[in-house]
Amino acid sequence: MTQIINKRGGYIERITVAKITALPGHFYVKVETQYDDTRAPEAWRTVYQTTCEQWGLEAFGKEIYESQLP
């Protein structure tokens, strides 16, 4: 799954999350950015990437969700 998570003017962030079939219970996560005012505005730049277990991905999602609660 790849999803745009932020878009402001010429700046875009997207995240990719994919199951790793060779490692059951593990996921690949990548955050990329794109900015209009660069030499190659159509190019995506990797900001962060990791491989994590399902519990780590679930904890991250829970943290994001709970941060939005009053």
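What you see is a predicted model; the values in this text were computed from it and never measured.

Trainee: Provide a residue-level description of the overall build of the chain, including the pertinent values.
Mentor: Regarding its fold elements, the chain presents one helix and four strands. Going from N to C terminus, the chain has its helices and strands arranged as β-β-β-β-α. Here the chain has a C-alpha radius of gyration of 14 Å; the compact-globule value for 70 residues is 11 Å, and the former is much larger. Along the first, second and third principal axes, the C-alpha atoms of the chain reach 40 × 40 × 15 Å. Here the chain holds 70 residues, and the buried ones make up 17% of them. Residue pairs at least 24 apart in sequence account for 21% of intrachain contacts in the chain once pairs closer than 6 positions are excluded. With the model as given, the accessible surface of the chain reaches about 5,500 Å², and the carbon-plus-sulfur share is 55%. Positive and negative side-chain charges of the chain, numbering 8 and 9 respectively, have mean locations separated by a distance of 5 Å.

Trainee: So what's going on with the side chain of Thr33? Residues and values would help.
Mentor: By secondary structure assignment, the location of Thr33 is in strand β3 (residues 26-35). The class for Thr33 is buried, based on a relative accessible area of 14%. For Thr33, the residues in contact, after removing those within four places along its chain, are Tyr11, Ile12, Glu13, Ala43, Trp44, Arg45 and Val47.

Trainee: Before we move on, can you summarise the environment of Lys30 with the specific residues and values?
Mentor: Take Lys30: it is sitting in strand β3. Remark: the alpha-carbon pair of Lys30 and Arg14, spanning 16 residues in sequence, is separated by 8.3 Å.

Trainee: Would you mind going over the sheet that holds strand β1 (residues 2-8) in detail, with residue names and values included?
Mentor: One open sheet holds the four strands; their spatial order is β1-β2-β3-β4, and the pairing between them is antiparallel. Each edge of the open sheet is held by one strand with a lone partner, namely β1 and β4 (45-53). Averaged over all pairs of adjacent strands, the angle between their axes in this sheet comes to 15 degrees, without regard to strand direction. In terms of strand pairing, strand β2 (residues 11-19) meets β3 through nine bridges, oriented antiparallel. Each bridged residue has a counterpart across the sheet, and for Thr16 the counterpart in β3 is Lys30.

Each value, and the rule that gives it
Residues numbered from 1 in each chain as written. Predicted model: local features only at pLDDT ≥ 70, side-chain atom pairs only at ≥ 80, totals over all residues. Heavy atoms only, no water. Helix = DSSP H or I, 4+ residues; strand = E, 2+ residues; numbered from the N terminus. Rg over C-alpha atoms; globule rule 2.2 N^0.38 Å. Buried < 20%, exposed > 50% of the residue type's maximum accessible area, 1.4 Å probe, protein only. Contact = heavy atoms within 4.5 Å. Areas by Shrake-Rupley, 256 points an atom, 1.4 Å probe, with all protein chains shown as cover. Lys, Arg positive; Asp, Glu negative; His and termini not counted. Charge placed at Lys NZ, Arg CZ, Asp CG, Glu CD. Pairing = 2+ DSSP bridges. Axes fitted to C-alpha atoms, helices over the stretch in contact; angles between N-to-C directions.

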